Amino acid sequence: MAFAQAGASVAVTDIDGTRAAGVADEISGTGGQTFPARLDVADEREVDRVIEETRSRFGSLDVLVNNAGVGARVGTANLPTDQWQRVLGIGLTGAFFCARTAAKPMIAQGRGAIVNVASIMGLTGGGLYPNPAYHAVKGALVNLTRAWALEWAPHGIRVNAVAPAFVRTALVESLLADAALKRAILDATLIGRLIEPEEIAAAVVFLASDAAAMITGHTLPVDGGWLAR
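A brief report on the enclosed structure follows. (Residues numbered from 1 in each chain as written. Predicted model: local features only at pLDDT ≥ 70, side-chain atom pairs only at ≥ 80, totals over all residues. Heavy atoms only, no water.)

Between its first and last C-alpha atoms helix H2 (residues 17-29) spans 18 Å; for 13 residues at 1.5 Å apiece the expected length is 18 Å, and the two agree. Looking at H2, one finds that the buried residues are Ala-20, Ala-24 and Ile-27. Summarising the axial view, the buried residues of H2 lie within an arc of 55°, below the 170-degree limit, and thus occupy one face. Facing away from the buried side of H2 by more than 90 degrees, the exposed set consists of Thr-18, Arg-19, Asp-25 and Gly-29. At its buried positions, H2 is contacted by helix H1 (2-5), strand E1 (10-14) and strand E2 (34-38). Two or three places before Thr-18, at the opening of H2, Asp-16 has a side-chain oxygen 3.0 Å from that residue's backbone nitrogen. In the stretch just after H2, Gly-31 is the one whose phi turns positive, near 90°. (Helix = DSSP H or I, 4+ residues; strand = E, 2+ residues; numbered from the N terminus. Expected span 1.5 Å × (residues − 1). Buried < 20%, exposed > 50% of the residue type's maximum accessible area, 1.4 Å probe, protein only. Arc of directions from axis to C-beta. Contact = heavy atoms within 4.5 Å. Polar contact = N/O pair within 3.5 Å; in protein donor to acceptor, adjacent residues only side chain to side chain.)

Following this line, the structure appears as C-alpha coordinates:
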(Lines give C-alpha, C1' and ligand atoms only; values in the text may rest on other atoms or scores of the structure.)
Protein backbone atom coordinates (compact mmCIF):
# COMPACT_ATOMS: atom_id res chain seq x y z
CA MET A 1 0.00 0.00 0.00
CA ALA A 2 2.82 2.41 0.85
CA PHE A 3 4.56 1.82 -2.48
CA ALA A 4 1.29 2.26 -4.37
CA GLN A 5 0.63 5.52 -2.52
CA ALA A 6 4.11 6.65 -3.60
CA GLY A 7 3.14 6.04 -7.22
CA ALA A 8 4.73 2.65 -7.82
CA SER A 9 3.20 -0.20 -9.78
CA VAL A 10 3.23 -3.13 -7.36
CA ALA A 11 3.36 -6.91 -7.65
CA VAL A 12 1.80 -8.25 -4.44
CA THR A 13 3.16 -11.70 -3.66
CA ASP A 14 2.34 -14.09 -0.86
CA ILE A 15 2.43 -17.83 -0.32
CA ASP A 16 -1.29 -17.37 0.37
CA GLY A 17 -2.67 -16.33 -3.00
CA THR A 18 -6.00 -15.23 -1.51
CA ARG A 19 -4.28 -12.76 0.80
CA ALA A 20 -2.18 -11.42 -2.07
CA ALA A 21 -5.35 -10.88 -4.10
CA GLY A 22 -6.99 -9.06 -1.19
CA VAL A 23 -4.14 -6.57 -0.90
CA ALA A 24 -4.06 -6.08 -4.67
CA ASP A 25 -7.79 -5.34 -4.60
CA GLU A 26 -7.19 -2.66 -1.95
CA ILE A 27 -4.52 -1.06 -4.12
CA SER A 28 -6.69 -1.23 -7.24
CA GLY A 29 -9.53 0.35 -5.28
CA THR A 30 -7.40 3.46 -4.75
CA GLY A 31 -6.45 3.66 -8.43
CA GLY A 32 -3.08 1.92 -8.15
CA GLN A 33 -1.58 -0.39 -10.76
CA THR A 34 -1.00 -3.86 -9.34
CA PHE A 35 -1.40 -7.57 -9.75
CA PRO A 36 -1.34 -10.42 -7.20
CA ALA A 37 0.70 -13.61 -7.47
CA ARG A 38 1.02 -16.64 -5.25
CA LEU A 39 4.73 -17.09 -4.52
CA ASP A 40 6.70 -19.53 -2.41
CA VAL A 41 10.08 -17.77 -2.28
CA ALA A 42 11.78 -21.05 -1.40
CA ASP A 43 10.89 -22.37 -4.88
CA GLU A 44 13.34 -20.86 -7.37
CA ARG A 45 11.16 -21.70 -10.37
CA GLU A 46 8.24 -19.79 -8.87
CA VAL A 47 10.55 -16.87 -8.13
CA ASP A 48 11.76 -16.79 -11.73
CA ARG A 49 8.19 -16.97 -13.06
CA VAL A 50 6.77 -14.20 -10.87
CA ILE A 51 9.68 -11.81 -11.38
CA GLU A 52 9.51 -12.29 -15.15
CA GLU A 53 5.75 -11.68 -15.06
CA THR A 54 6.33 -8.49 -13.07
CA ARG A 55 8.92 -7.21 -15.54
CA SER A 56 6.71 -8.12 -18.47
CA ARG A 57 3.59 -6.44 -17.07
CA PHE A 58 5.26 -3.23 -15.93
CA GLY A 59 8.00 -2.90 -18.54
CA SER A 60 10.83 -2.82 -15.99
CA LEU A 61 11.74 -4.05 -12.55
CA ASP A 62 13.01 -1.20 -10.39
CA VAL A 63 12.55 -2.36 -6.78
CA LEU A 64 12.67 -5.67 -4.93
CA VAL A 65 11.62 -5.97 -1.28
CA ASN A 66 12.64 -9.23 0.41
CA ASN A 67 10.07 -9.49 3.19
CA ALA A 68 9.31 -13.22 3.58
CA GLY A 69 10.30 -14.89 6.81
CA VAL A 70 9.36 -17.29 9.60
CA GLY A 71 10.85 -18.17 12.95
CA ALA A 72 11.26 -21.23 15.14
CA ARG A 73 11.30 -20.28 18.80
CA VAL A 74 13.17 -23.39 19.93
CA GLY A 75 16.57 -23.56 21.58
CA THR A 76 19.45 -24.93 19.55
CA ALA A 77 19.76 -28.19 21.49
CA ASN A 78 16.13 -29.07 20.71
CA LEU A 79 15.76 -27.49 17.26
CA PRO A 80 14.78 -30.12 14.66
CA THR A 81 16.75 -30.05 11.43
CA ASP A 82 13.63 -29.61 9.32
CA GLN A 83 12.63 -26.48 11.24
CA TRP A 84 16.15 -25.05 10.89
CA GLN A 85 16.08 -25.71 7.14
CA ARG A 86 12.59 -24.25 6.73
CA VAL A 87 13.52 -20.97 8.44
CA LEU A 88 16.69 -20.64 6.35
CA GLY A 89 14.94 -21.77 3.17
CA ILE A 90 12.31 -19.05 3.36
CA GLY A 91 14.19 -16.19 4.99
CA LEU A 92 17.67 -16.58 3.50
CA THR A 93 17.64 -18.85 0.45
CA GLY A 94 14.36 -17.25 -0.63
CA ALA A 95 15.95 -13.80 -0.45
CA PHE A 96 18.90 -15.12 -2.46
CA PHE A 97 16.61 -16.56 -5.15
CA CYS A 98 14.67 -13.28 -5.43
CA ALA A 99 17.74 -11.05 -5.48
CA ARG A 100 19.57 -13.29 -7.97
CA THR A 101 16.66 -13.21 -10.41
CA ALA A 102 15.74 -9.55 -9.89
CA ALA A 103 19.34 -8.40 -10.36
CA LYS A 104 19.43 -9.59 -13.97
CA PRO A 105 16.93 -7.09 -15.43
CA MET A 106 18.22 -4.41 -13.05
CA ILE A 107 21.76 -4.94 -14.36
CA ALA A 108 20.50 -4.80 -17.93
CA GLN A 109 18.73 -1.47 -17.36
CA GLY A 110 21.53 -0.02 -15.22
CA ARG A 111 19.45 0.80 -12.16
CA GLY A 112 17.50 -0.73 -9.31
CA ALA A 113 16.98 -0.86 -5.57
CA ILE A 114 16.76 -3.87 -3.28
CA VAL A 115 15.55 -3.61 0.31
CA ASN A 116 15.94 -6.59 2.63
CA VAL A 117 13.80 -6.82 5.73
CA ALA A 118 16.26 -7.94 8.37
CA SER A 119 15.66 -7.50 12.11
CA ILE A 120 17.26 -6.20 15.24
CA MET A 121 17.84 -9.90 15.86
CA GLY A 122 20.42 -9.71 13.06
CA LEU A 123 22.26 -7.07 15.07
CA THR A 124 21.87 -8.44 18.59
CA GLY A 125 21.57 -11.77 20.36
CA GLY A 126 18.01 -10.98 21.39
CA GLY A 127 17.74 -12.53 24.79
CA LEU A 128 13.97 -12.67 25.33
CA TYR A 129 13.69 -16.23 24.02
CA PRO A 130 15.83 -18.55 21.88
CA ASN A 131 15.31 -18.32 18.12
CA PRO A 132 18.68 -19.35 16.63
CA ALA A 133 17.54 -20.09 13.07
CA TYR A 134 15.86 -16.68 12.83
CA HIS A 135 18.97 -14.98 14.21
CA ALA A 136 21.09 -16.80 11.64
CA VAL A 137 18.85 -15.64 8.78
CA LYS A 138 18.66 -12.02 9.87
CA GLY A 139 22.39 -11.77 10.58
CA ALA A 140 23.11 -13.22 7.17
CA LEU A 141 20.74 -10.71 5.50
CA VAL A 142 22.60 -7.84 7.17
CA ASN A 143 25.89 -9.01 5.70
CA LEU A 144 24.39 -9.97 2.33
CA THR A 145 23.09 -6.41 2.16
CA ARG A 146 26.71 -5.21 2.31
CA ALA A 147 27.95 -7.87 -0.09
CA TRP A 148 25.26 -7.21 -2.71
CA ALA A 149 25.77 -3.45 -2.39
CA LEU A 150 29.44 -3.94 -3.27
CA GLU A 151 28.75 -6.44 -6.04
CA TRP A 152 26.03 -4.47 -7.83
CA ALA A 153 27.04 -0.84 -7.27
CA PRO A 154 28.83 -0.76 -10.68
CA HIS A 155 25.45 -1.58 -12.25
CA GLY A 156 23.55 1.25 -10.55
CA ILE A 157 21.82 -1.06 -8.05
CA ARG A 158 21.54 0.03 -4.43
CA VAL A 159 21.00 -2.56 -1.69
CA ASN A 160 19.88 -1.68 1.83
CA ALA A 161 17.98 -3.25 4.71
CA VAL A 162 15.66 -2.29 7.52
CA ALA A 163 15.98 -3.90 10.95
CA PRO A 164 12.69 -3.73 12.82
CA ALA A 165 12.11 -4.48 16.47
CA PHE A 166 8.70 -5.91 17.41
CA VAL A 167 6.01 -4.79 14.95
CA ARG A 168 2.26 -5.04 15.48
CA THR A 169 1.62 -7.97 13.16
CA ALA A 170 -0.39 -11.16 13.61
CA LEU A 171 2.83 -13.04 14.37
CA VAL A 172 3.83 -10.66 17.16
CA GLU A 173 0.30 -10.35 18.53
CA SER A 174 0.44 -14.06 19.33
CA LEU A 175 3.45 -13.37 21.57
CA LEU A 176 1.63 -10.69 23.52
CA ALA A 177 -0.70 -13.23 25.11
CA ASP A 178 2.24 -13.89 27.45
CA ALA A 179 1.99 -10.92 29.81
CA ALA A 180 5.58 -11.24 31.04
CA LEU A 181 6.95 -11.36 27.49
CA LYS A 182 4.83 -8.38 26.47
CA ARG A 183 6.22 -6.40 29.41
CA ALA A 184 9.78 -7.40 28.49
CA ILE A 185 9.27 -6.30 24.88
CA LEU A 186 7.87 -2.93 25.87
CA ASP A 187 10.56 -2.40 28.52
CA ALA A 188 13.28 -3.02 25.91
CA THR A 189 11.74 -0.48 23.51
CA LEU A 190 12.71 3.01 24.62
CA ILE A 191 9.66 4.59 23.01
CA GLY A 192 7.51 2.16 24.98
CA ARG A 193 5.18 0.74 22.33
CA LEU A 194 5.10 -1.69 19.45
CA ILE A 195 6.05 -0.46 15.99
CA GLU A 196 3.20 -0.08 13.53
CA PRO A 197 3.56 -1.81 10.12
CA GLU A 198 3.20 1.55 8.36
CA GLU A 199 6.34 2.78 10.15
CA ILE A 200 8.39 -0.04 8.64
CA ALA A 201 6.80 0.50 5.24
CA ALA A 202 7.79 4.17 5.31
CA ALA A 203 11.44 3.24 5.91
CA VAL A 204 11.39 0.66 3.12
CA VAL A 205 9.88 3.12 0.64
CA PHE A 206 12.48 5.72 1.64
CA LEU A 207 15.39 3.34 1.05
CA ALA A 208 13.96 2.33 -2.32
CA SER A 209 13.37 5.92 -3.43
CA ASP A 210 15.55 8.58 -5.01
CA ALA A 211 15.59 10.32 -1.61
CA ALA A 212 18.09 7.62 -0.61
CA ALA A 213 20.14 7.87 -3.80
CA MET A 214 23.42 8.04 -1.85
CA ILE A 215 22.60 5.25 0.60
CA THR A 216 23.71 1.69 -0.11
CA GLY A 217 25.01 -1.20 1.97
CA HIS A 218 23.23 0.22 5.03
CA THR A 219 20.98 -1.50 7.57
CA LEU A 220 18.54 0.97 9.12
CA PRO A 221 17.17 -0.04 12.54
CA VAL A 222 13.53 0.96 13.00
CA ASP A 223 13.39 -0.20 16.56
CA GLY A 224 12.02 2.44 18.91
CA GLY A 225 15.43 2.68 20.52
CA TRP A 226 15.92 -1.04 21.19
CA LEU A 227 19.57 -1.03 20.11
CA ALA A 228 20.39 2.15 22.06
CA ARG A 229 20.50 0.21 25.34
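Going through the model one piece at a time under the given rule, you end up with four aromatic pairs. A cation over a ring is seen here: Arg-57 above Phe-35, with NZ or CZ 4.3 Å from the ring centre. Over the aromatic face of Tyr-129 sits the side chain of Arg-73, whose NZ or CZ is 5.8 Å from the ring centroid. (Phe/Tyr/Trp six-rings, centres within 6.5 Å; stacked < 30°, edge-to-face > 60°. Lys NZ or Arg CZ within 6 Å of the ring centre and 35° of its normal.)

What follows deals with the side chain of Arg-158. As for its position among the elements, Arg-158 is in strand E5 (residues 157-164). Comment: no salt bridge for buried Arg-158; closest opposite-charge side chain is Asp-210, at 5.7 Å. Only 2.9 Å separates the side chain of Arg-158 from the backbone oxygen of Ala-212, close enough to count as a polar contact. Non-local contacts of Arg-158, meaning those with residues more than four positions away in its chain, are made with Gly-112, Ala-113, Ile-114, Leu-207, Ala-208, Ser-209, Ala-212, Ala-213, Ile-215 and Thr-216. (Lys, Arg positive; Asp, Glu negative; His and termini not counted. Salt bridge = Lys/Arg side-chain N within 4 Å of Asp/Glu carboxyl O.)

Strand order in the open sheet made by the four strands is E3-E4-E5-E6, with parallel pairing throughout. Only two strands of the sheet have a single partner each, and these edge strands are strand E3 (63-66) and strand E6 (219-222). Across this sheet, the average inter-strand angle for adjacent strands is 20°, counted without regard to direction. Relative to E5, helix H5 (residues 132-152) is tilted by about 165°, and along the sheet it contacts E3, strand E4 (112-117), E5 and E6. Packing of helix H8 (residues 197-208) onto the sheet brings it into contact with E3, E4, E5 and E6, and relative to E5 it is tilted by some 165°. (Pairing = 2+ DSSP bridges. Axes fitted to C-alpha atoms, helices over the stretch in contact; angles between N-to-C directions.)

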